[in-house]
Structures are given as C-alpha cells and as structure tokens.
Amino acid sequence: MLAKTYKTLFFLGLFFFPFNSYQGIAFLGEFKTESGALFLFAGFLFLLFNTLFTKKIIIPYKNFIFQLVMLFIIWCLLTTILNLSSVTVNYFKSTSGVNRFIRQYIALLISAFVFFIFYINVLAKMELKELLFKIRKVFLCSLIIASVYGFFEILISVFGYVFLYPILKVFNYFPFLEVDLHPGGRISAISYEPPFLAIYLITISGWMFSYILTSKKVTRFLPAFSILILTYFSGSRTGLIVIFFQVFVFLIFLYRDIRFKKYVTNFAIGFLVIFSVLLVFKGEKLIQSVTEKIDSLDFQKNLTKNVSNQSRFGMQYAALQVFLENPVTGVGFGQQAYHNRTHYPTWATRNNYEFELFYKNKKEKTFPPGYNLYTRLLAETGFIGFILFLMILYFSLNEIRILMKNAKEEEKTILIIVLISLSGLYINWLQIDTFRIYGVWLCLAILIRMRYKPLILKNE
C-alpha cells in the first residue's frame, strides 16, 4: 500500500513540476512555488515509512555516477568549512554567509539526494516498458494542458485577441495555476515565467519526440510540434537554441535508422505547413516576430543594448574574477553573491536598472542570480568542485554511449530520450545557476536503473 502511494506521488510530482505560477509556500525557500516538489516531498516521506516496515531502501552506493554525486555534495560542504573564516563574516541583504550556505546546501540536498534517492527507489520497481510509457504519458498530459493554455495566450498576447481573456481565466480554477499575461508578446503557459517554461519544454522534449519512434498514429507528431510552437512563442533565447539543438540530435538518430528516414522529411513538411498557415493569416506579424527572434539571438550585438544580457554576462564575468582569486577551493558553497559584488564590470552596471534596483540594493532581500551554474561552481567550489561536477556530466553521457551498444529497441528509445534531455539541460545550465532541475536527476536515476536492473528487481 505504501509503495503504491509513493509511486502515485512520484507521477503527480512529475505532472505538476511545471505548474509554479501561484503564490507558493514561503518557508520552502527555493521550492516555495514548486507544486511538483510538494508531491515529491510527500512521496519521499512515504518511502521512509515503507522502509521502516520492509527494512529495505535502495542506495546504489556501488554505482560510479551515484558516487560522483555524493562526492560532489560532500565537497560542497568541505569547501565551505575550508573557507569558514570568510563565510562567517559575509553579510549582505540581511543574510549572513552561514545562513546562506545552510539554505543553499539544503536546496542541493533536496534535489541531488532526497529526490534523487526517491526517483531511484520508484524506478527500481518498474519494468522498462512501464517506465517509458507511464512517465511519457504523464508528461504528455501536462503538455496538453500547457498547449491549450499556451494557444489562448498566443492568441491574446501575440495576435491581440483580448476578448478571449475571460476564457483563459478559467485556468485559475486549475490547481497551482494563476493566470498572468507577460508583456512583450511572450508566453509562459502554465509556468510563472518564459524561461521556466523553456526549462520544462527542454526537460520533456525527448519524451515527446519519442512518440515518433514508438507510435504509428498520425498524431505522433503533435507533441513535437507543440514543443516547437511553445518554445518559439516563449521568447526564450536559450530555449530556442537548446530545443533546436535537441531536435538536431533527434533527427540524427532518425536519419541513421532506415525505418525513420521518411520521418525527417515529414517533420520538415509538417512544420512548414503550420508556418505557412500562420503566414497566410498573420503574415506581417509573423515575419516581424521571426525577425525579432533572430535578432535577439545576436548576443554580441545586444550586449550593450539588452539589459538582460548585460546582467547575465556581467554576473558571469564577476564569478570568473572570484574564481581567479580563489582557484583551488573557491569561496564556499552559496557564497558567490558576497564576493561578486566587488567585481561587477562597468560595462554591465552602466545604465542597468537591474543592478540599482535589485542586485546592489541592500533593501531588496532577493539575492542576485549567478545566471550560470558552471561559473558559480568555479567561484564557490573552485577547480576541484568544478571538475567533480564535470565528471558527473561526462560519465552520465558516456554511460548512455556504453549502454547503447547492446541496447534492445525499448532500451534504445529510453537512452535516446535521456541523451536528448540531459544534453539540453546541461547546455541550459549555462544560463541558470540552480540545481533545482528535476529532469537531470530523473535521467541520472534512469541510467542507474538501466545499469543495475537485474539486481534491483531481484532485491525488490
């Protein structure tokens, strides 16, 4: 009974993870608006209760990827202890260095240990076929809701059909969802902002693309088209780049398989048909929108004209300067913001309201984001922590390559999904500095499940 309960909570957690456009629960910190996390927390508690009765819990301590993750977590603690003299005196935005470390370390433990262990134990009781079809179906259900919401949002925000807004407001009755339109013709669908919508789409893209591999229905292309359309209208520059990279990776697999070469052509034709229909009805608007999207991808051109780019690159530059001053052990986990503020470049802060109103404003309690997990780790954990983290990334991708050699059809499909998801999310970490990326830890748990499936199933 307990096992069935936490398994159900696992699927609810996956379904609701993009639904974070509600007020949230303040004491949960980073996870305060993460509705999916509520179900994952509950699921982990039921797992612990089940462990008390069965005396069984799976901790794959012999798995190299798991070992690397645990070693990285330990190093994040050690590097903070080594920098304790500076951590104890750090103070900014009414927050001490010790307090900041505790909050950030707990957030790391939740994502990379608590939820990670929970995923591993749930997946251990699932056959690969069940794993593939059930997780994919859950993501499809959330995508359907996101697509319907996004469709009305596009009509209202992009094409100006404001009379449809009362229909969109019906979504206020859906759990963990508050309707809010974004300025500038961007959409966020069921998420609180366009960048997080992009993260959600990057996470599930591989699962949705896989319908083309396993289904024979005409509708097998619709999930992929939904991903592309929502990504385009989200206005997320990183989302556009990453999703199209994921599409490219997927098309390589299709082209290499003689059974699916025709799908490459069909995919291109389908996309052109949709684009043509939009062009006929809203040609001028669409051309202008496409031009703006292409222009927005020119980071060099927009560096001094785009406030967002100024802030992002300025923060990353500052983090690298902190790393150069503390190359081996960094300045301690969660401490980058205390040191970055003395290294902000003039070209980033000049005529930039974000620094004056938010990042340098001591009265604004929200800490400035690092905008890049890799530069954050260089600054906070030094070269040692950075290499440990890169090893997790490298060996997870290498594990896919190894497993792919002798994979059966079903296993190969899962590995393609994991490769597309991980590669996209790893690239996305170039513009976000949080470990609260559910798809990464889920994919790592799937790799562990695939490597040790005979042993795990036997123990269960």
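The shown structure was predicted, so the numbers you read here are calculated from the model rather than taken from an experiment. (Residues numbered from 1 in each chain as written. Predicted model: local features only at pLDDT ≥ 70, side-chain atom pairs only at ≥ 80, totals over all residues. Heavy atoms only, no water.)

The next thing to look at is helix H11 (residues 237-256). A rise of 1.5 Å per residue sets the reference length of H11, with its 20 residues, at 28 Å; its end C-alpha atoms lie 29 Å apart and thus fit the reference within 8%. The set of residues buried in H11 consists of Arg237, Thr238, Gly239, Leu240, Val242, Ile243, Gln246, Val247, Val249, Phe250, Phe253 and Leu254. (Helix = DSSP H or I, 4+ residues; strand = E, 2+ residues; numbered from the N terminus. Expected span 1.5 Å × (residues − 1). Buried < 20%, exposed > 50% of the residue type's maximum accessible area, 1.4 Å probe, protein only.)

For helix H10 (residues 222-234), built from 13 residues, the straight-helix expectation of 18 Å at 1.5 Å per residue is met to within 8% by its first-to-last C-alpha distance of 18 Å. Across the 13 residues of H10, 11 count as buried, placing the element largely inside the fold. Looking only at H10, the buried set comprises Pro223, Ala224, Phe225, Ser226, Ile227, Leu228, Leu230, Thr231, Tyr232, Phe233 and Ser234.

Time to look at the environment of Gly13. Residue position: Gly13 is located in helix H1 (residues 2-16). On the basis of relative accessible area, Gly13 is assigned to the buried category, the value being 2%. Along the backbone, Gly13 and Ser35 are 22 residues apart, and their C-alpha atoms lie at a distance of 7.6 Å.

Okay, the confidence of the model for the protein chain next. Residues shown with low pLDDT carry predicted positions that ought not to be read at fine detail. Summarising the model, the protein chain shows a mean pLDDT of 88, and 91% of its residues fall at 70 or more. Mean pLDDT per element in the protein chain: helix H21 (residues 453-459) is the minimum at 45, and helix H3 (residues 64-82) is the maximum at 97. (pLDDT = per-residue confidence, 0-100.)

Turning our attention to the environment of Arg237. Structurally, the position occupied by Arg237 is in helix H11. Exposure remark for Arg237: the relative accessible area of 16% places this residue in the buried category. The sequence separation of Arg237 and Pro194 amounts to 43 residues, and the corresponding C-alpha distance is 10.0 Å.

Structurally, the position occupied by Thr95 is in strand E2 (residues 95-96). For Thr95, the residues in contact, after removing those within four places along its chain, are Asn90, Arg100, Arg103, Tyr338 and Phe367. (Contact = heavy atoms within 4.5 Å.)

Here Lys55, not a glycine, exhibits a phi torsion of approximately 60°, which is positive. Positive phi is not limited to glycine here, since Ala189 has a value of about 50°. Mapped onto the elements, Ala189 comes out in the loop between helix H7 (165-168) and helix H8 (194-209).

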